[in-house]
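One letter stands for each residue in the lines below.
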Amino acid sequence: MKATKGNQSGFSILSLMIASAIGVFLIGGAGKVYIDSKNTFNARSSVAAAVENYRFAILDMRRALVMAGRGILASQNGNLITGPFPGVAADGAVDIDANGSSVVAVRYAAGPAPCGISGDIATTITVRFLVDNDGNLVCNVPEQDYSQPLVSGIAQMRALYGIDTDADGIANQYLSTSVVDDNGLWVNVVSVRIGLVTGSGEGQDLPAVYRPATPEPKNLLGDEYTPADTNNAYKSASTTITFRNLNQSMNRQ
(Lines give C-alpha, C1' and ligand atoms only; values in the text may rest on other atoms or scores of the structure.)
Protein backbone atom coordinates (compact mmCIF):
# COMPACT_ATOMS: atom_id res chain seq x y z
CA MET A 1 0.00 0.00 0.00
CA LYS A 2 1.16 3.44 -0.76
CA ALA A 3 1.26 5.95 2.08
CA THR A 4 -0.68 9.02 1.29
CA LYS A 5 1.12 12.15 2.21
CA GLY A 6 -0.99 15.20 3.11
CA ASN A 7 -0.05 18.70 3.87
CA GLN A 8 -0.60 19.76 7.53
CA SER A 9 -1.20 23.39 8.38
CA GLY A 10 -0.87 25.11 11.80
CA PHE A 11 -0.96 28.55 13.39
CA SER A 12 1.38 31.12 12.09
CA ILE A 13 3.65 33.02 14.45
CA LEU A 14 1.65 36.15 13.73
CA SER A 15 -1.59 34.44 14.77
CA LEU A 16 0.01 33.21 17.98
CA MET A 17 1.29 36.69 18.78
CA ILE A 18 -2.14 38.24 18.22
CA ALA A 19 -3.82 35.58 20.38
CA SER A 20 -1.24 36.09 23.15
CA ALA A 21 -1.74 39.85 23.06
CA ILE A 22 -5.50 39.45 23.35
CA GLY A 23 -5.06 37.00 26.24
CA VAL A 24 -2.71 39.36 28.09
CA PHE A 25 -5.13 42.23 27.54
CA LEU A 26 -8.07 40.23 28.92
CA ILE A 27 -6.10 38.98 31.92
CA GLY A 28 -4.81 42.49 32.63
CA GLY A 29 -8.32 43.92 32.42
CA ALA A 30 -9.67 41.28 34.79
CA GLY A 31 -6.78 41.91 37.17
CA LYS A 32 -7.43 45.68 37.16
CA VAL A 33 -11.13 45.15 37.86
CA TYR A 34 -10.19 42.88 40.78
CA ILE A 35 -7.66 45.34 42.22
CA ASP A 36 -10.05 48.30 41.85
CA SER A 37 -12.85 46.34 43.50
CA LYS A 38 -10.55 45.29 46.34
CA ASN A 39 -9.35 48.87 46.89
CA THR A 40 -12.93 50.16 46.90
CA PHE A 41 -13.99 47.49 49.37
CA ASN A 42 -11.05 48.26 51.68
CA ALA A 43 -11.71 52.01 51.45
CA ARG A 44 -15.36 51.52 52.38
CA SER A 45 -14.34 49.25 55.26
CA SER A 46 -11.93 51.93 56.50
CA VAL A 47 -14.62 54.65 56.39
CA ALA A 48 -17.15 52.31 58.03
CA ALA A 49 -14.68 51.61 60.86
CA ALA A 50 -14.27 55.34 61.52
CA VAL A 51 -18.06 55.81 61.51
CA GLU A 52 -18.57 52.87 63.87
CA ASN A 53 -15.98 54.29 66.25
CA TYR A 54 -17.79 57.59 66.71
CA ARG A 55 -21.20 55.89 66.77
CA PHE A 56 -20.21 53.56 69.61
CA ALA A 57 -18.40 56.36 71.46
CA ILE A 58 -21.49 58.59 71.37
CA LEU A 59 -23.79 55.76 72.46
CA ASP A 60 -21.54 54.80 75.38
CA MET A 61 -21.18 58.38 76.60
CA ARG A 62 -24.87 59.19 76.19
CA ARG A 63 -25.93 56.37 78.55
CA ALA A 64 -23.92 57.88 81.40
CA LEU A 65 -24.03 61.61 80.64
CA VAL A 66 -27.81 61.72 80.43
CA MET A 67 -27.88 60.64 84.10
CA ALA A 68 -26.06 63.77 85.30
CA GLY A 69 -27.56 65.16 88.49
CA ARG A 70 -29.92 62.30 89.21
CA GLY A 71 -30.32 61.95 92.96
CA ILE A 72 -28.43 65.19 93.62
CA LEU A 73 -30.29 68.10 95.17
CA ALA A 74 -30.85 71.19 93.06
CA SER A 75 -29.08 73.24 95.72
CA GLN A 76 -25.91 71.27 94.99
CA ASN A 77 -25.99 71.95 91.28
CA GLY A 78 -23.31 74.60 91.24
CA ASN A 79 -21.05 72.83 93.74
CA LEU A 80 -18.11 71.18 91.97
CA ILE A 81 -17.64 68.85 94.93
CA THR A 82 -21.14 67.44 95.30
CA GLY A 83 -22.88 68.74 92.17
CA PRO A 84 -23.42 67.07 88.79
CA PHE A 85 -20.28 68.62 87.26
CA PRO A 86 -17.18 67.72 89.26
CA GLY A 87 -13.79 69.19 88.60
CA VAL A 88 -11.62 67.18 86.25
CA ALA A 89 -8.30 68.81 87.14
CA ALA A 90 -6.56 70.33 90.12
CA ASP A 91 -8.16 73.72 89.44
CA GLY A 92 -11.61 72.21 89.06
CA ALA A 93 -12.02 72.67 85.30
CA VAL A 94 -10.13 71.93 82.11
CA ASP A 95 -10.94 72.51 78.45
CA ILE A 96 -8.41 70.04 77.10
CA ASP A 97 -5.98 67.56 78.61
CA ALA A 98 -2.38 66.88 77.65
CA ASN A 99 -3.26 65.25 74.31
CA GLY A 100 -5.60 68.03 73.20
CA SER A 101 -8.97 66.45 73.96
CA SER A 102 -11.67 67.63 76.34
CA VAL A 103 -12.49 65.75 79.51
CA VAL A 104 -16.20 65.36 80.29
CA ALA A 105 -17.25 64.53 83.83
CA VAL A 106 -20.66 64.18 85.46
CA ARG A 107 -21.91 62.96 88.80
CA TYR A 108 -25.12 61.24 89.84
CA ALA A 109 -26.37 59.36 92.89
CA ALA A 110 -29.00 56.95 91.58
CA GLY A 111 -29.54 54.90 88.47
CA PRO A 112 -27.81 52.26 86.35
CA ALA A 113 -24.08 51.76 86.69
CA PRO A 114 -22.01 53.14 83.79
CA CYS A 115 -19.45 51.69 81.42
CA GLY A 116 -19.96 47.98 81.97
CA ILE A 117 -20.15 48.03 85.76
CA SER A 118 -22.86 45.63 86.87
CA GLY A 119 -25.85 46.58 89.00
CA ASP A 120 -27.34 49.94 89.93
CA ILE A 121 -25.85 52.95 91.66
CA ALA A 122 -26.92 53.55 95.26
CA THR A 123 -24.36 56.21 96.14
CA THR A 124 -22.86 59.27 94.47
CA ILE A 125 -20.37 58.44 91.72
CA THR A 126 -18.31 60.43 89.26
CA VAL A 127 -18.11 59.33 85.63
CA ARG A 128 -15.29 60.80 83.54
CA PHE A 129 -14.76 60.35 79.82
CA LEU A 130 -11.35 61.14 78.38
CA VAL A 131 -9.13 60.20 75.47
CA ASP A 132 -5.85 58.52 76.38
CA ASN A 133 -2.56 58.77 74.49
CA ASP A 134 -3.39 55.62 72.51
CA GLY A 135 -6.60 57.11 71.11
CA ASN A 136 -8.96 55.15 73.34
CA LEU A 137 -12.09 56.66 74.84
CA VAL A 138 -11.73 55.79 78.52
CA CYS A 139 -14.48 55.69 81.13
CA ASN A 140 -13.23 56.38 84.63
CA VAL A 141 -15.16 56.00 87.92
CA PRO A 142 -12.78 57.16 90.70
CA GLU A 143 -15.04 56.10 93.59
CA GLN A 144 -14.80 52.48 92.42
CA ASP A 145 -11.20 52.66 91.22
CA TYR A 146 -12.53 51.70 87.80
CA SER A 147 -11.08 52.64 84.43
CA GLN A 148 -12.10 50.96 81.20
CA PRO A 149 -11.25 51.72 77.53
CA LEU A 150 -14.51 51.72 75.58
CA VAL A 151 -13.71 52.60 71.97
CA SER A 152 -10.48 52.91 70.01
CA GLY A 153 -9.64 55.20 67.12
CA ILE A 154 -10.59 58.48 68.83
CA ALA A 155 -8.38 61.20 67.37
CA GLN A 156 -9.86 64.14 69.30
CA MET A 157 -12.87 65.03 71.47
CA ARG A 158 -14.25 68.45 72.31
CA ALA A 159 -17.09 69.34 74.68
CA LEU A 160 -19.14 72.53 74.98
CA TYR A 161 -21.78 73.06 77.66
CA GLY A 162 -25.23 74.43 76.86
CA ILE A 163 -26.20 77.39 79.06
CA ASP A 164 -29.84 78.31 79.70
CA THR A 165 -29.87 82.08 80.21
CA ASP A 166 -33.63 82.69 80.33
CA ALA A 167 -34.88 79.75 82.43
CA ASP A 168 -36.87 78.16 79.61
CA GLY A 169 -34.96 74.87 79.78
CA ILE A 170 -33.30 75.39 76.38
CA ALA A 171 -29.63 76.16 75.89
CA ASN A 172 -29.05 79.63 74.45
CA GLN A 173 -25.32 79.32 74.01
CA TYR A 174 -22.59 76.70 74.20
CA LEU A 175 -19.44 77.50 76.13
CA SER A 176 -16.18 75.77 76.94
CA THR A 177 -15.52 74.30 80.37
CA SER A 178 -13.23 77.09 81.50
CA VAL A 179 -15.66 79.84 80.47
CA VAL A 180 -18.51 78.11 82.32
CA ASP A 181 -16.29 77.67 85.38
CA ASP A 182 -14.86 81.20 85.35
CA ASN A 183 -18.34 82.74 85.19
CA GLY A 184 -19.99 80.41 87.71
CA LEU A 185 -22.51 79.13 85.17
CA TRP A 186 -22.70 75.47 86.19
CA VAL A 187 -26.16 76.06 87.68
CA ASN A 188 -27.33 77.10 84.21
CA VAL A 189 -26.03 74.05 82.33
CA VAL A 190 -28.80 72.00 80.71
CA SER A 191 -26.94 70.09 78.01
CA VAL A 192 -23.56 69.21 76.57
CA ARG A 193 -22.47 69.15 72.94
CA ILE A 194 -19.72 66.68 72.13
CA GLY A 195 -17.69 66.64 68.94
CA LEU A 196 -15.50 63.74 67.88
CA VAL A 197 -12.95 63.08 65.18
CA THR A 198 -12.42 59.36 64.78
CA GLY A 199 -10.04 57.32 62.68
CA SER A 200 -10.41 53.87 61.19
CA GLY A 201 -7.68 52.52 63.46
CA GLU A 202 -5.05 49.82 63.22
CA GLY A 203 -5.61 47.24 60.51
CA GLN A 204 -8.12 49.44 58.66
CA ASP A 205 -5.78 51.59 56.59
CA LEU A 206 -6.97 53.35 53.47
CA PRO A 207 -5.61 51.90 50.22
CA ALA A 208 -2.82 54.09 48.88
CA VAL A 209 -4.89 55.16 45.85
CA TYR A 210 -7.55 56.68 48.15
CA ARG A 211 -5.19 58.54 50.48
CA PRO A 212 -5.19 62.34 50.16
CA ALA A 213 -1.91 64.06 49.39
CA THR A 214 -2.01 65.86 52.74
CA PRO A 215 -4.14 65.34 55.89
CA GLU A 216 -7.57 66.92 55.46
CA PRO A 217 -8.81 69.17 58.32
CA LYS A 218 -12.01 68.07 60.05
CA ASN A 219 -14.61 70.28 61.69
CA LEU A 220 -14.71 69.87 65.45
CA LEU A 221 -17.53 72.01 66.89
CA GLY A 222 -16.40 75.08 65.01
CA ASP A 223 -12.69 74.38 65.36
CA GLU A 224 -10.51 72.54 62.90
CA TYR A 225 -8.61 69.38 63.72
CA THR A 226 -6.00 68.14 61.27
CA PRO A 227 -5.22 64.41 61.54
CA ALA A 228 -1.62 63.37 61.95
CA ASP A 229 -1.59 61.04 58.93
CA THR A 230 -3.31 60.06 55.71
CA ASN A 231 -3.17 56.30 56.27
CA ASN A 232 -6.50 56.14 58.10
CA ALA A 233 -9.95 57.31 57.15
CA TYR A 234 -11.14 60.10 59.45
CA LYS A 235 -14.69 61.23 60.14
CA SER A 236 -16.13 63.97 62.34
CA ALA A 237 -19.44 63.91 64.18
CA SER A 238 -21.21 65.74 66.98
CA THR A 239 -24.17 65.17 69.25
CA THR A 240 -26.09 67.16 71.83
CA ILE A 241 -27.09 65.43 75.06
CA THR A 242 -29.72 67.05 77.25
CA PHE A 243 -29.32 66.67 81.00
CA ARG A 244 -32.91 65.69 81.69
CA ASN A 245 -32.42 65.71 85.47
CA LEU A 246 -31.33 69.35 85.35
CA ASN A 247 -33.83 70.57 82.77
CA GLN A 248 -36.83 71.87 84.67
CA SER A 249 -39.06 72.04 81.60
CA MET A 250 -38.46 68.35 80.95
CA ASN A 251 -38.96 67.46 84.59
CA ARG A 252 -42.39 69.08 84.54
CA GLN A 253 -43.55 66.89 81.64
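Caption draft 1: Quick look at the overall build of the protein chain. The helix and strand tally for the protein chain stands at 3 helices and 12 strands. Its C-alpha atoms give the protein chain a radius of gyration of 29 Å, clearly above 18 Å, the size a compact globule of 253 residues would have. Each principal axis of the C-alpha distribution contributes one length, and for the protein chain these read about 125 × 40 × 35 Å. Scored against the burial criterion, the 253 residues of the protein chain give a buried share of 40%. Pairs at least 24 residues apart make up 60% of the contacts formed inside the protein chain by residues separated by at least 6 positions.

Caption draft 2: Seen up close, the packing of aromatic side chains. Taken as a whole and assessed by the stated rule, the structure comprises 4 aromatic pairs. Aromatic pair Tyr-161 and Trp-186: ring centres 5.1 Å apart, planes at 75 degrees, arrangement edge-to-face. One end of the pair, Tyr-161, is in strand S7 (residues 154-163); the other, Trp-186, is in the loop between helix H2 (177-182) and strand S9 (189-199), and 25 residues separate them in sequence. The pair Tyr-161 / Trp-186 is uniform in exposure class, with both members buried. In textbook terms, an aromatic cluster arises when at least three aromatic residues are bridged by ring pairs, as seen for Phe-85, Tyr-161, Trp-186 and Phe-243. Looking at Arg-55, its charged tip hangs above the ring of Phe-56, at a distance of 4.8 Å from the centre.

Caption draft 3: Expanded view of the state of the cysteines. Summed over the entire model, instances satisfying the criterion amount to 1 disulfide. Covalently, Cys-115 is tied to Cys-139 through a disulfide, its sulfur atoms 1.9 Å apart. Here the S-S torsion is close to 80 degrees, and the disulfide linking Cys-115 with Cys-139 is therefore right-handed. Linking Cys-115 in the loop between strand S2 (111-112) and strand S3 (120-121) with Cys-139 in strand S5 (residues 137-141), this pair joins segments that are 24 residues apart in sequence.

Caption draft 4: Region of the structure containing the pairing of strand S4 (residues 125-131). Most of S4 is tucked away, with 6 of its 7 residues classed as buried. Looking at chain direction, S4 and S5 are connected through 4 bridges and run antiparallel. Of the residues in S5, the one forming a bridge with Val-131 is Leu-137. The hairpin formed by S4 and S5 contains 5 residues between the paired strands, and Gly-135 there has a positive phi angle of roughly 80 degrees.

Caption draft 5: Local environment of the nonpolar core. Within the largest apolar cluster, 42 residues are counted, with the highest numbers of intra-cluster contacts made by Leu-65, Val-127, Phe-129, Tyr-161, Ile-194, Leu-196 and Phe-243. Looking at this core, the elements with two or more residues in it are helix H1 (13-65), strand S1 (104-108), S4, S5, S7, S9 and strand S12 (234-242). Sort the elements by how many residues they give to this core and H1 lands first, with 6 residues. Once residues within four sequence positions are removed from consideration, Leu-196 is found in contact with Tyr-54, Ala-57, Ile-58, Met-61, Ile-154, Gln-156, Met-157, Leu-220, Lys-235, Ser-236 and Ala-237. Grouped together as the second largest cluster of nonpolar side chains are 5 residues, Ala-155, Val-197, Leu-220 and Tyr-225 included.

Caption draft 6: The arrangement of the confidence of the model for the protein chain in detail. The share of residues in the protein chain with pLDDT of 70 or more is 91%, and the mean pLDDT across the chain is 85. When pLDDT is averaged over each element of the protein chain, S12 comes out on top at 95 and helix H3 (residues 248-251) at the bottom at 46. Predicted confidence for residues 249-253 stays below pLDDT 50, and this span has 7 contacts to residues more than four positions away or in other chains.

Caption draft 7: Broad picture of the sheet that holds strand S8 (residues 173-175). Here we have 4 strands laid out as an open sheet, ordered S8-S7-S9-S12, and antiparallel in their pairing. With partners counted over all chains shown, the strands left at the sheet margins are S8 and S12, one partner each. Across this sheet, the average inter-strand angle for adjacent strands is 25 degrees, counted without regard to direction. Here 3 bridges tie S7 to S8, and the two strands are oriented antiparallel to one another. The residue of S8 that forms the bridge with Tyr-161 is Leu-175. Strands in contact with H1 are S7, S9 and S12; relative to S9, the strand with the most contacts, it is inclined by about 155 degrees.

Caption draft 8: A look at the sheet that holds S1. If you walk across this open sheet you meet the 4 strands as S1-S4-S5-S6, and the pairing is antiparallel. Edge strands, defined here as strands with exactly one partner in the open sheet, are S1 and strand S6 (146-151). Direction aside, neighbouring strands of the sheet carry axes that sit 20 degrees apart on average. As judged from the 5 bridges shared by S5 and S6, these two strands associate in the antiparallel manner. Across the sheet, Leu-137 pairs through a bridge with Val-151, a residue of S6.

Parameters and conventions
- Residues numbered from 1 in each chain as written.
- Predicted model: local features only at pLDDT ≥ 70, side-chain atom pairs only at ≥ 80, totals over all residues.
- Heavy atoms only, no water.
- Helix = DSSP H or I, 4+ residues; strand = E, 2+ residues; numbered from the N terminus.
- Rg over C-alpha atoms; globule rule 2.2 N^0.38 Å.
- Buried < 20%, exposed > 50% of the residue type's maximum accessible area, 1.4 Å probe, protein only.
- Contact = heavy atoms within 4.5 Å.
- Phe/Tyr/Trp six-rings, centres within 6.5 Å; stacked < 30°, edge-to-face > 60°.
- Lys NZ or Arg CZ within 6 Å of the ring centre and 35° of its normal.
- Disulfide = S-S within 2.5 Å.
- Pairing = 2+ DSSP bridges.
- Core = buried A, V, L, I, M, F, W, Y, C linked by side-chain atoms within 4.5 Å.
- pLDDT = per-residue confidence, 0-100.
- Axes fitted to C-alpha atoms, helices over the stretch in contact; angles between N-to-C directions.

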